[in-house]
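Here is what each chain is made of, one letter per residue.
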Amino acid sequence: MSELGNTALPDRRRPEPLWHQAETAMRELIANGTWTDGMQLPNEARLSSLLGVSRITVRHALRNMEESGLLRREHGRGTFVRSSRVIAGVRGLTSFTQEMAGLGLKVGSRLLDLGEEAASPEVATALEIRDGAPVVKLRRLRLGNEAPIGLQTAYLPAARVPGLVSLHRPSASLYETLKRDFSIAPREAREVYRVGTATAEDAALLGIAPGSPAFVVERITCDAIGPFEFVHSIMRGDRYEIRSRLHL
């Protein structure tokens, strides 16, 4: 078997640009586990030979993958896979499942809690409902390539999602369930990021030491009617990264 396994190689007879084909091939190598987290890639000359394209084409593909967070380049050392790191920044309104899939990661979740409870003042304010109104609480450990990335706790007004507790499957995307069973489709969201530390309880689930750096993220998602979801997330500081592009 070659160094690239059974991955389809770029073909000049296909209509897609060669750099796009090369990028697709290398993304597939990460997704199928041929290139694992932390692995050093062959140098540009070797990749050019393996893929059958020019070094300029390889460089273009590598740059795109680095910008999307799949690779990291270390001066004087080379290029390495970092496929399990989540890159947050300018992006569309997507679910965690969609975001992970878009980065070429194997998506996973472990259900920690699913049930109804009374809305706290904080949750009620975020969802624009009365204090103590029933909400559905969905708490999950989020995984990328089978390793913990973050803890997410979502709250939804029970009045808008009757029966969600029995309908939602742990392996399914929450947004897909909401769209299919309740005709709820996200239209916009507001997010706030803060730097914090992981509590002993959260750290045990995330596989890190208590007090480790973490991103604390709060998100309010709205549809045409109004807020339908409030999410509180604790994301591992070593596996979650925020990037932005600034312009004059």
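Residues numbered from 1 in each chain as written. Predicted model: local features only at pLDDT ≥ 70, side-chain atom pairs only at ≥ 80, totals over all residues. Heavy atoms only, no water.

Colleague: Help me understand the overall build of the chain in this model?
Modeller: Scanning the chain from terminus to terminus reveals 8 helices and 10 strands. The buried share of the chain, taken over its 248 residues, is 46%. Long-range pairs, those at least 24 residues apart, make up 57% of the contacts in the chain between residues at least 6 apart in sequence. In the structure as shown, the chain presents an accessible area of about 12900 Å², 52% of it carried by carbon and sulfur atoms. (Helix = DSSP H or I, 4+ residues; strand = E, 2+ residues; numbered from the N terminus. Buried < 20%, exposed > 50% of the residue type's maximum accessible area, 1.4 Å probe, protein only. Contact = heavy atoms within 4.5 Å. Areas by Shrake-Rupley, 256 points an atom, 1.4 Å probe, with all protein chains shown as cover.)

Colleague: Explanation requested: unusual backbone geometry in the structure shown.
Modeller: Leave glycine aside and you will find that most residues have negative phi; peptide bonds, for their part, are mostly trans. Here the phi dihedral of Glu128 falls at roughly 60°; this positive angle occurs in a residue that is not glycine. Considering the arrangement of structural elements, one finds Glu128 in the loop between α5 (121–127) and β5 (134–144). The class of Glu128 is exposed, set by a relative accessible area of 60%. If you check the backbone angles, Ser183 has positive phi at about 55° while not being a glycine.

Colleague: Just to check I follow, could you spell out helix α2 (residues 44–51) for this structure?
Modeller: Along α2, the residues classified as buried are Glu44, Leu47, Ser48, Leu50 and Leu51. Take α2 and look down its axis: the buried residues cluster within an arc of 170°, on one side only. Where α2 is buried, its residues meet α1 (18–31), α3 (55–67) and β1 (71–74). Looking one or two residues beyond α2, the residue adopting positive phi is Gly52, at roughly 75°. (Arc of directions from axis to C-beta.)

Colleague: What am I meant to see in the pattern of salt bridges here?
Modeller: Oppositely charged side chains can pair when the atoms bearing their charge come close. Enumeration according to the criterion identifies 15 salt bridges in this entry. Among the salt bridges present, the one from Glu66 reaches Arg73, with a minimum N-O distance of 3.7 Å. The exposure class of Glu66 is partly exposed, given its relative accessible area of 25%. The class of Arg73 is partly exposed, set by a relative accessible area of 33%. (Salt bridge = Lys/Arg side-chain N within 4 Å of Asp/Glu carboxyl O.)

Colleague: Would you take a moment to explain the nonpolar core for this structure?
Modeller: Side chains of a nonpolar character, in soluble globular proteins, are inclined to be buried together. Counting 19 residues, the largest nonpolar core has Met26, Trp35, Leu51 and Leu71 as the members making the most contacts within it. Residue assignment for this core shows that the elements contributing at least two residues are α1, α2 and α3. Here the element with the most residues in this core is α1; it accounts for 5 residues. Sequence-distant contacts of Leu51, defined by excluding residues within four places in its chain, comprise Leu4, Leu9, Pro10, Ala22, Ala25, Met26 and Val58. If you look at the next biggest cluster of nonpolar residues, it comprises 14 residues, including Val136, Leu178, Phe182 and Ile184. (Core = buried A, V, L, I, M, F, W, Y, C linked by side-chain atoms within 4.5 Å.)

Colleague: Explain the sheet that holds β5 here, please?
Modeller: The strands making up a sheet are joined through hydrogen bonds of the backbone, oriented either antiparallel or parallel. One open sheet holds the 6 strands; their spatial order is β4-β5-β6-β9-β8-β7, and the pairing between them is antiparallel. Among the strands making up the open sheet, the edge pair consists of β4 (107–118) and β7 (188–197). Sheet twist, expressed as the mean angle between neighbouring strand axes with direction ignored, is 15°. (Pairing = 2+ DSSP bridges. Axes fitted to C-alpha atoms, helices over the stretch in contact; angles between N-to-C directions.)

Colleague: Looking at this structure, I do not really get the environment of Arg27. What am I missing?
Modeller: With respect to the helices and strands, Arg27 occurs in helix α1. For Arg27, a relative accessible area of 23% gives the class partly exposed.

Colleague: Got a minute to help me understand the packing of α2 against α3 in this structure?
Modeller: Packed helix pairs are characterised by how far apart their axes lie and by the angle those axes make with each other. The N-to-C vectors of α2 and α3 enclose an angle of 105°; their axes lie 9 Å apart at closest approach. Taken together, the axes of α2 and α3 lie roughly perpendicular to each other. Every residue of α3 that contacts α2 at Glu44, Ala45, Leu47, Ser48 and Leu51 is listed here: Arg55, Val58, Arg59 and Leu62. For the contact of α2 with α3, the residue count by class is 5 nonpolar, 1 polar and 3 charged. (Parallel < 35°, antiparallel > 145°, perpendicular 65-115°, else oblique. Nonpolar A, V, L, I, M, F, W, Y, C, P; charged D, E, K, R; others polar.)

No statement about biological role is implied by the geometric values presented.
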